[in-house]
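Listed below, chain by chain, are the residues.
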Amino acid sequence: MSDQALRTAGEIGRVLVANRGEIARRIFTTCRARGIETVAVHSDADSGAAFVREADAAVALPGTTPAETYLRGDLIVAAALSAGADAVHPGYGFLSENADFARAVAAAGLTWIGPDPESIETMGSKVESKALMAEAGVPVLERLDPAAIGEEHLPILVKASAGGGGRGMRVVERLADLDETVAAAAREAASAFGDDTVFCERYLPTGHHIEVQVFGDRAGTVWAVGERECSIQRRHQKVVEEAPAPLVERVGKAMRADLYEAARSAAARIGYVGAGTVEFLAADDGSFYFLEMNTRLQVEHPVTEATCGLDLVGLQLDIAAGAALGAEPGPPRGHAIEVRLYAEDPAEDWQPQSGPVTAFALPSARTAFRLADAGEPYVRLDAGIEAGEAITTFYDPMIAKIIGVAPTRRVAARVLAAALRTMQWDGPVTNAAMLIRVLGDEAFLTGETATTYFAEHPEVLGAQGPDDRVRREAGWMAAAAALAQAAAVEAGQPTGLSDMPVPAPGSIAAGERAGGQRSGEDALALAIARDNPRPHIGGWRLFHTDWTRRSARVAGLEAQIGYRRLRGGWELEPGTLPVGEAVEVVAVAPSEVTLRAAGVECRFAVQPTASGALVSSPTEAQALAWLPRYSDPAAEAVPGSLLAPMPGTVIRLEARVGERVEAGQPLLSIEAMKMEHTIRSDVAGTLTELRVAQGDQVDVGALVAVIADDGAPAEGGADSAGGEPAATGAKGRES
């Protein structure tokens, strides 16, 4: 922030961040640059997280769930005092829009880095803020009384009054579902924000989500600092955000001026101080409705930083310390696109994933958590986790925000897609492949996307199956991994009973950094190799004409590769590659393989992991997992089984063993990543087994119940009345 923009402010010396993950790391980055000390608070589940390691001091909050930890304002204030902090930054989510928490921070003599509690109550309440905007003449959607809602009002949107991020937000398309949906939204809001207040309004299924970043100071000055478009959403939670907004660029300067004026008026009307975002739902013609005002920093703030050249966290610190705003910054420059990398499976109804992360790197990222020097296009990485950590079921499944910045929108999309293709990742399933497809979709590149994008473009989710390019890349990568592994064995690396090379102790392939334990087979193989009295004899090879075949899963596909070692070199079995092309093996080493097809050579770097390998080409990186040669009969689910579609906590049982259930009837609910998911019966029958109790933790794929139809095992996975997707590949439904 320039001296001209801000007049002299007071001092903040030590900041406690009442949050976790990437936003805590983002705030720490600005604090370190300014010489401000930092304090982290953390749950038991986050004790080894990157944000805890990066803080100057850390205070444990006993427990794992948000209600036990990050929603306990009393514990956080006590932590700030005990750690010697003089200010508290709430980040976003959790208690960031909780007026009582803001008051408690101030009452303890600490500086609150956020708006006044009265502003949080007024604008943080979607109910009250809509009324205020209506009085000011800003178009709003009418609030509806649930008791008065009829068929003529459908579809209806149920929203949490506090918080955001899609939590406590659900669509009602059938009147019969209204009461259950309102109750579920209230439970979800209470879990995420500590406030179960919800309201209803008319749902507009299509439109553009446009928002304006505002800042206010104690002198009454209000800035409108650029607009963003966040229309590409799933479950009412943003996935792709960008600045400036393509819709505004298309409609013209008059729309931008109207949006800025409405946003400034909203902030000025209540004497708003600090960072806030005024959100609107806009039509193609540029008309718009006020949605809400978020009284905090937004997840997507990096795209505004990149196009306006501002450190928004630094601006928050300055205003909290008493600085005054100067002249409003000029118009945005260039274009920035942010994508949210989630641990979830878009092709399986966005099911969240959890588990250890043994590898994570974005080689093309030039900066992390801060602006880069202007000039050439660049990629920024704001990650919440690092390799060696784990994604748990207690919190949001967002892994990182990845931002592409360039002079034009198309170039920003291109550099961002290239960064995602070369990302090194070994962990739970992510939405990376879907993000790459979105960034290359012509509908996206032309800026003609609305909130209905995923419904109108289901092909980007991956459920339609891969194209030949994806199959080709998957086959080549599987071949490279198989050949590299064979070369490692030939070079003398110990192998286990399954003929798999044993990872070296301490390597990520050993799975030890993420809490994995070396198998007994691997430990035995290493001990034999260590204690073998005979020295390794190199230079001898056995050549034979039989093909060795391996199966692997890569890029969502199963590939079987055949190879063999002859005196003339390595060969790939004809016909085993998915696209059926002829591929020559040029060079093979344990860490690099070169293949050639139609005269074009491609090098693949191969890094072993606990379950397979990370395989990287100059344009793409994928995690490969070796498949077992024989299936385990004990792992087969019995007919009529309902399996947990995701890991989580059982929060409610709605049926008893012996009870007859109808197709589509709720049986139990699981809470995962702050979202509530209901598992329903997919057939009419008798509930013969219920393997879980309220409060139990379940893993993905765990057997939770068995249904038999009048004594006969239930077969198939018929859709329920609501057409909801099956909970898993076995029987069962989840909503």
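Residues numbered from 1 in each chain as written. Predicted model: local features only at pLDDT ≥ 70, side-chain atom pairs only at ≥ 80, totals over all residues. Heavy atoms only, no water.

Give a description of the pairing of strand β37 (residues 685-690) that names residues and reports values.
In this structure, strand β34 (residues 660-661) lies alongside β37, joined through two bridges in antiparallel fashion. Within β37, the position partnered with arginine 660 by the bridge is threonine 686. Strand direction decides the pairing type here: β37 and strand β39 (residues 703-709), joined by four bridges, are antiparallel. Of the residues in β39, the one forming a bridge with leucine 687 is isoleucine 707. (Pairing = 2+ DSSP bridges. Helix = DSSP H or I, 4+ residues; strand = E, 2+ residues; numbered from the N terminus.)

Can you break down the confidence of the model for the protein residue by residue, with the values?
The predicted model of the protein averages 86 in pLDDT, with 85% of residues at 70 or higher. Here residues 1-9 scores under 50 on pLDDT; set against residues more than four positions off or in separate chains, the count is 23 contacts. (pLDDT = per-residue confidence, 0-100. Contact = heavy atoms within 4.5 Å.)

Describe the sheet that holds strand β5 (residues 111-112), listing the residues and the values that go with them.
Read from one edge to the other, the open sheet built from five strands follows the order β3-β2-β1-β4-β5, with strand pairing classed as parallel. In the strand order of this sheet, the two ends are held by β3 (57-60) and β5, each with one partner. As judged from the three bridges shared by strand β1 (residues 14-17) and strand β4 (residues 87-89), these two strands associate in the parallel manner. Note that in β4 the partner of valine 17 across the bridge is histidine 89.

Tell me what's going on with the pairing of strand β26 (residues 569-572), and back it up with residues and numbers.
Note: strand β25 (residues 557-566) against β26, four bridges, orientation antiparallel. Its bridge partner being in β26, leucine 566 is matched across the sheet by glycine 569. As consecutive antiparallel partners, β25 and β26 are separated by two residues.

Provide a residue-level description of helix α10 (residues 301-308), including the pertinent values.
In terms of burial, α10 is largely enclosed, as eight of its eight residues are buried. Positive backbone phi, approximately 70 degrees, marks glycine 309, located one or two places after α10. (Buried < 20%, exposed > 50% of the residue type's maximum accessible area, 1.4 Å probe, protein only.)

A description of the side chain of aspartate 217 should follow, citing residues and the corresponding values.
Tracing the backbone through its elements, the reader meets aspartate 217 in the loop between β10 (208-216) and β11 (222-234). The exposure class of aspartate 217 is buried, given its relative accessible area of 2%. At a separation of 3.0 Å, a polar atom in the side chain of aspartate 217 contacts the main-chain amide nitrogen of alanine 219. A distance of 2.9 Å separates the side chain of aspartate 217 from the backbone nitrogen of threonine 221, its partner in a polar contact. (Polar contact = N/O pair within 3.5 Å; in protein donor to acceptor, adjacent residues only side chain to side chain.)

I'd love a proper account of the side chain of threonine 307, names of residues and values included.
Within the secondary structure, threonine 307 sits in helix α10. At 2.9 Å, the side chain of threonine 307 and the backbone oxygen of valine 303 are in polar contact. Residue contacts for threonine 307: discarding those within four places in its chain leaves Ala243, Pro332, Arg333, Gly334, His335 and Ala336.

Describe the environment of alanine 450, and please don't skip the residues or the numbers.
Residue placement: alanine 450 occurs in the loop between α14 (442-445) and α15 (453-456). Among the residues examined, alanine 450 registers a relative accessible area of 12% and is labelled buried. Residues in contact with alanine 450, not counting those within four places in the same chain, are Thr206, Gly207, His208 and Ser231.

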